[in-house]
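# Fold and contact review
What follows is each chain in one-letter form.
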Amino acid sequence: MAASTGTTPREGWSSRSAFILAAIGAAVGLGNVWRFPTLAGENGGGAFVLVYVAFVFLLGLPLVISEIFLGRTGQDDAVGSIRKVAQRSGVSEAWSGFGIMGVVAAFLIVSFYSVVAGWVLYYVGVMGADFVGALAAGDPLRGALPGESQEAIQGRMGDLFADPMLLLAMHFAFMGVTLYIVARGIGSGIEAAATVLMPMFFVLLIGITIYGAFAGDMGEALAFLFTPDFSKLTSQSLNTALGQALFSLSLGVAGLITYGSYIKGSDGLGSTSLTIAFADTGVALIAGMMIFPIVFAVGLDPAAGPTLVFQTLPFAFQTMPAGSLIGLLFFVLILVAAVTSSISLLEVPTAWGIGEMGWSRTTSALIFGGSAFLVGIACLLGYNVWADVRPLGFWDLFADTDILDTIDGFTGKVMLPLGAFFTAIFVGWRADRRLVQEMTGLSGSWLALWRFLIAWLCPLAVGLILVTGLFPAILGS
Ligand code: PHE
């Protein structure tokens, strides 16, 4: 059924470094700069960070290798790639079912991801207008939003949420950009975007962190992030840390299977995967070191939750030197990170439509981008006209969760861990061992270590955390 058997060769990355850059672009996103600092703040800092990093390297990294292995071996969309590996391994093609789940998860995630990225876009506008005002006043280095009270600044988020048309416009703009890039294809779309945006992202990240080190309270931030207090860990925070590690590395939604399928070369996957995991984790930690010095400098609460970036920081920028400019750059940075991730999410169902349904890239991107846009509308209405809707209200875990948080929670707590679990079982136990060895390029003790982690530790740990996370009553917490 694969459309790639036609006359035109299947698309691919221009080089190994192009793949690495695109994969880092996929991994580094709202998860790193918005969610990681939020969760670290809410879960008490140091101990959570330590557990998170351990999960990334013990569970995440072996899964990164596995997903890229599947895509690179299959050279097809996620479902087709798993099917091909199953065929070559002589096991049931039904395994490709977890690929379908990944495609659905990626589709659901991009629909709310675009809504959240839309908030970021709105703040780029707010901060941009403010900086233009600062320039006009001949004082480009002043703090942000001077004269606005803390209530007024924090109220901006509430005002945005109360305005469905504004939310819709932002969501539309962001999804439009995502769709446009994906429709242009791997080379001139996704790779080109990553090549421009990722260097820009890193310059902004380093620049604002250095700024925070001088203008903010780096000492307190480092103590908060890196002094573990294990009494603050609960079974829920373990579950949260795992979900975050999977989400941040783009695992469990077939994203790396899809991106891996565009690899043409034959380099080993070990160092490639390690680079991706290091970059993603490094960015999350640096994002913490960028945000918390500013939060602490102004004496604000690190545990503010999801509003940390949208309410706490804009207020902090008011009193900071050049806060107007830094505030603008800060939101541009988040937006850039969000774009390179959302294109990887939309690429998963788009590739599925091309590979399994035989659609053209443009048709497939339009169908899935368009439908994700519609699901996103339901999410944003959940903040105003549908504020009382609880899609999974019958389920304890989601009893009081609005539409966006339900989709976020269900994908993050259920679909991603399940996807990771099946990937580990399939690659660790069912895939042909010689094929795995040949296509990952792993050998000797690295191969043995990876095999232990993927076949034993991943299924056990992910399975355990999945069950205890879904049924907290088991642990009585
Ligand atoms: N890793 C991205 C982030 O941290 C989100 C993402 C998840 C992207 C799954 C692709 C696939 O924001």
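Here the structure is a predicted model, which means the values were calculated and not measured. (Residues numbered from 1 in each chain as written. Predicted model: local features only at pLDDT ≥ 70, side-chain atom pairs only at ≥ 80, totals over all residues. Heavy atoms only, no water.)

## Overview of the pattern of salt bridges
Defined as follows: Here a salt bridge means any side-chain nitrogen of Lys or Arg lying within 4 Å of a carboxyl oxygen belonging to Asp or Glu. Think of it in three bands: residues with accessible area under 20% of the maximum for their type are buried, residues over 50% are exposed, and the middle band is partly exposed, with areas taken using a 1.4 Å probe on protein chains only. Working definition: helices are DSSP H or I runs of at least four residues, strands are E runs of at least two. Numbering for both runs from the N terminus.
Here the structure, examined in full by the defined rule, presents 10 salt bridges. Close ionic contact of Asp-76 with Lys-84 constitutes a salt bridge, the shortest N to O distance being 2.8 Å. Taking relative accessible area as the criterion, Asp-76 reaches 2% and is therefore assigned buried. Classification of Lys-84 as partly exposed rests on a relative accessible area of 27%. The residue Glu-356 makes a salt bridge to Arg-83 at a minimum N-O spacing of 2.6 Å. Here Arg-83 lies in helix H4 (residues 78–89) and Glu-356 lies in helix H14 (residues 323–357), a separation of 273 residues in the sequence. Note on Arg-83: relative accessible area 18%, which makes it buried. Connected through shared salt-bridge partners, Glu-11, Glu-347 and Arg-361 make up one network.

## Description of the layout of surface pockets
Using the following cut-off: Computed over the protein atoms alone on a 1 Å grid, cavities are sets of points where a 1.4 Å probe fits but cannot get out and pockets are open sets with protein on both sides within 12 Å along at least five of seven lines; a residue lines them when it has an atom within 4 Å of a point. Grid points are joined across faces, edges and corners, and a volume is the space filled by probe spheres set on the points. The nonpolar class holds Ala, Val, Leu, Ile, Met, Phe, Trp, Tyr, Cys and Pro. Asp, Glu, Lys and Arg form the charged class, and all remaining residues, Gly among them, are polar.
There is about 820 Å³ of room inside the largest pocket. Lining of the largest pocket is provided by 30 residues; of these, Arg-35, Leu-39, Asp-405, Asp-408 and Lys-413 occupy positions nearest its centre. Listing elements by their share of the lining of the largest pocket, those giving two or more residues are helix H2 (30–42), helix H6 (150–161), helix H10 (235–248) and helix H16 (403–430). Taken together, the residues of the lining of the largest pocket break down into 13 nonpolar, 11 polar and 6 charged. Taken as a whole, the second largest pocket encloses approximately 310 Å³ of empty space. Taken together, 14 residues make up the lining of the second largest pocket; nearest its centre are Leu-61, Ile-65, Leu-274, Trp-446 and Leu-449.

## Some remarks on the site of the ligand
Our working rule: Being near a molecule or strand, for a residue, comes down to having at least one heavy atom within 4 Å of it. For this analysis, a polar contact is any N or O atom pair within 3.5 Å, provided that within protein one partner can donate a hydrogen and the other can accept it, and provided that sequence-adjacent residues contribute only side-chain to side-chain pairs. Occupancy of a cavity or pocket is assigned to a molecule whenever over half of its atoms lie within 2 Å of that pocket's grid points.
Taken together, the neighbourhood of the ligand is formed by 14 residues, with Ala-27, Gly-31, Tyr-113, Phe-247 and Ser-248 sitting nearest. A distance of 3.0 Å separates a nitrogen atom of the ligand from a polar atom in the backbone of Ala-27. Separating a nitrogen atom of the ligand from a side-chain N or O atom of Ser-250 is a distance of 3.1 Å. Judged by its atoms lying within 2 Å of the grid points, the ligand is housed in the largest cavity. Elements with a contribution of two residues or more to the shell around the ligand: helix H1 (16–27), H2, H10 and H14. The class makeup of the residues in the shell around the ligand is 7 nonpolar, 7 polar and no charged.

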